[in-house]
Each structure stands twice: as structure tokens, then as C-alpha cells.
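Notes for the structure review
Residue strings, one per chain:
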Amino acid sequence: MGAALQGDLFATAAPALPPGIALLRGHFGPADSRGLLDDMADVLAAAPPYRLRLKSGAFMINRLTNCGALGWHSDEKGYRYIDRHPGTGAPWPPIPARLKQAAIAAAEACGVAGFDPDACLVNLYAADGRMNLHQDHDEADFGWPIVSFSFGNDGIFALGGGRRRDRVQPLALRHGDVLVMHGPGRMLFHGVKKIVPGTAPAAHPAIPPEGRLNLTFRRAA
Ligand code: MD6
Ligand code: FE
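Residues numbered from 1 in each chain as written. Chains lettered and ligands numbered in written order. Predicted model: local features only at pLDDT ≥ 70, side-chain atom pairs only at ≥ 80, totals over all residues. Heavy atoms only, no water.

Quick notes on the overall build of the protein chain
What the protein chain contains, in helices and strands, is three helices and 13 strands. The C-alpha extent of the protein chain, read off along each of the three principal axes, is 65 × 35 × 35 Å. Within the protein chain, buried positions represent 49% of all 221 residues. For the protein chain, the exposed area adds up to about 10600 Å²; of that, 57% sits on carbon and sulfur atoms. Seen as two clouds, the 23 positive and the 20 negative side-chain charges of the protein chain have centres 7 Å apart. (Helix = DSSP H or I, 4+ residues; strand = E, 2+ residues; numbered from the N terminus. Buried < 20%, exposed > 50% of the residue type's maximum accessible area, 1.4 Å probe, protein only. Areas by Shrake-Rupley, 256 points an atom, 1.4 Å probe, with all protein chains shown as cover. Lys, Arg positive; Asp, Glu negative; His and termini not counted. Charge placed at Lys NZ, Arg CZ, Asp CG, Glu CD.)

Section: the coordination of the iron ion (ligand 2)
All of the protein donors around the iron ion (ligand 2) are His 134 (NE2), Asp 136 (OD) and His 190 (NE2); their distances to the metal are 2.1 to 2.2 Å. In the primary structure, the donors to the iron ion (ligand 2) are separated according to the pattern H-x1-D-x53-H. Here His 134, found in strand β7 (residues 131–134), pairs with His 190, found in strand β12 (residues 190–196); they are 56 residues apart in sequence, far enough to count as distant. His 190 shares its class with His 134; the two are buried. (Donors = N, O, S within 2.8 Å, 3.2 Å for Na, K, Ca; no water.)

Topic: the pattern of salt bridges
Taken as a whole and judged by the stated rule, the model has twelve salt bridges. Residue Asp 83 is joined to Arg 84 by a salt bridge in which the shortest nitrogen-to-oxygen separation is 3.8 Å. Given the relative accessible area of 41%, Arg 84 is considered partly exposed. A salt bridge links Asp 136 to Arg 218; its shortest N-O distance comes to 3.2 Å. In this pair, Asp 136 sits in the loop between β7 and β8 (146–152) while Arg 218 sits in strand β13 (residues 212–218), placing the two residues 82 residues apart along the sequence. Just as Asp 136 is buried, Arg 218 falls in that class too. Put simply, Lys 100, Asp 116, Asp 118 and Arg 219 are held in one network by salt bridges that share partners. (Salt bridge = Lys/Arg side-chain N within 4 Å of Asp/Glu carboxyl O.)

This is how it looks when you write it as C-alpha cells:
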């Protein structure tokens, strides 16, 4: 095959993703997105986003909060799931029904039956937000997927391999996109390199201005 032909063929092809990584591009249209974001605004009011302190004493760059029976948190004792908002002392608000159902349906669309998330980590990125390369390994059973919804400006996701030093591939996560990490993809290293200004199709009170909102649904316990 000639180089030119190969170039043409691959120019329009979706990026090849490793096994266990599914990207549902534009899964939520404008009306669905608005409904889910309205529900998320209620969560943000009940459980105000805060900045996590790392074991090192430094603060994480993004603000976060949670809904569901369990919420991911970190302090001087390290990373773990806890059942209350550390600021208000109240239990995390429940995962709104529409959001939970949408996460279950997204898992089913990727061939995963029986997903029953008990934790939804909400990450709020300002325009300069990012997230270091990591694996999500604080959950009880890695057999369950993590389902991620993105809203607002594009986030340039960095998808790596099974080892921190493995090469990463950039993947734009746009407003209304769903990413599912499951099976052989569940423990791949990943992060968010940057937020792309001016790419959000619509503003919403639940999305940080000029920023991005990411929800990850997990089975923590
Ligand atoms: C983000 N996402 O997109 C961060 N983790 O802002 C994650 O760290 C993530 O998208 C596990 C599974 C899917 C994800
Ligand atoms: Fe993650």
C-alpha cells in the first residue's frame, strides 16, 4: 500500500483504542447533557467542591466532590473512599437517578451487565486544570468498569499502558462524550494533559467557566 493511500485511509479513521477502552463520542446530545448537568448542579450545592490535600501537603490543582454512598478523598492518611463530605460532615448526596441510569446504560453499551455504581467522583477543571498520570486502584473489585462523562471544554486525555513509563496517546474528551475503562483497559495509566479553551458548545452553572467537568462512576465497595 502506498504511503499516500495509507495516509488518506487513516486521516478519517477513529483513533485505534486498546482493548477495554471504549469512547462513546457525543453520547449525550444537548438536551440530555443539560438534564444531567442540572442534576449535577444540585449535587454541587449539597456537597461543595473542595481542593484535596495530598500526602505531601501540597494541594491538588482541581476541585472535586462526590455523590453516592462513597466518595474518593485524600488527606495526610492517603487516598481512600469515605462516606461523608469532609467539610460539611454530611453523607455524600446520592447519585441522581438520571445520572446513575445513564452510567449503567453506558456500561451496558460496552457489554458490561450488572454495573451498580456506589461512587461518583466529580472533578472540576478550571481553564488551567490537569491531572497527573495515575491508575485508579482504590476500588474493591477491578472487575467492574469505570465510566466517565465529560462536559464543557475539551480535555486532552493521555491514555497510557500498564506501566507508568509506557507511551501515552492523546485523546480529546469532548462535551457529551463517555469513556469506559474495563477489562484489560481498567488499569491502564491515564491523566489529563490540558483543557482546550473555547471548545465547549454551551455553558452551564455546573461547569466551571472556561473549564471542564468530569464525572467518574465507580463500584468502590
Ligand atoms: C478526567 N478521568 O477525565 C479524569 N479514570 O478528567 C479519569 O481519571 C478516569 O476518565 C478512570 C476511568 C475513566 C476516566
Ligand atoms: Fe482515573
